[in-house]
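# A structural walkthrough
Below, each chain spelled out in residue letters.
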Amino acid sequence: MIDDFGTGYSSLYHLYELEFDKLKIDKLFIQKLDISTESDVFMRAIIGLCNGLNLCVTAEGVETERQATAALRHGAHQAQGFLFGEAVPASAVLQLLSVSESARLTA
């Protein structure tokens, strides 16, 4: 997986040279999504490239319903961010999964 794509050391070179199956688009592109024309253009370009390479695309840093809707509309397969839940320590993950499973079984 390539994380934080579009910033720092994550670049098109990595798409060309390395083998992976997932790409996470950096939150800097998500924060202005559906507000800035430029962000929309970048999202369409990145996701179009990923679709051509058969990569699963995750939009990271999603904080609003508007950002989630725009990311999915542009073709992101997954989204993550504070809209869906805040970060928790590893020690709390099993408890969260247990609560989630209990809720699913009683629904």
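To be clear, the structure that these remarks concern was listed above.
Reference entry: report on the structure contained in this document. (Residues numbered from 1 in each chain as written. Predicted model: local features only at pLDDT ≥ 70, side-chain atom pairs only at ≥ 80, totals over all residues. Heavy atoms only, no water.)

### Some details on helix H4 (residues 65-73)
- Those residues of H4 that sit buried are Gln67, Ala68, Ala70 and Ala71. Projected down its long axis, H4 shows its buried positions confined to an angular sector of 165 degrees, all on one face. Seen from the buried face of H4, the exposed residues on the opposite side, beyond 90 degrees, are Glu65 and Arg66.
- On the buried face of H4, the contacting elements are helix H2 (27-30), helix H3 (37-52) and strand E3 (56-60).
- With its phi angle positive at about 110 degrees, glycine 75 sits one or two positions after the end of H4. (Buried < 20%, exposed > 50% of the residue type's maximum accessible area, 1.4 Å probe, protein only. Helix = DSSP H or I, 4+ residues; strand = E, 2+ residues; numbered from the N terminus. Arc of directions from axis to C-beta. Contact = heavy atoms within 4.5 Å.)

### Re the environment of arginine 44
- Positionally, arginine 44 belongs in helix H3.
- Of the residues examined, arginine 44 reaches a relative accessible area of 47% and is grouped as partly exposed.
- In sequence terms arginine 44 and glycine 75 are 31 residues apart; their C-alpha atoms lie 7.9 Å from each other.

### Topic: unusual backbone geometry
- Phi is positive for asparagine 54, close to 55 degrees, though the residue is something other than glycine.
- Residue asparagine 54 is classed as exposed on the basis of its relative accessible area, which comes to 68%.

### Quick notes on the nonpolar core
- Counting residues in each nonpolar core, the largest one holds 19 residues, and the members touching the most others are Leu23, Ile25, Ile30 and Met43.
- Residue contributions to this core peak at four residues, all from H3. (Core = buried A, V, L, I, M, F, W, Y, C linked by side-chain atoms within 4.5 Å.)

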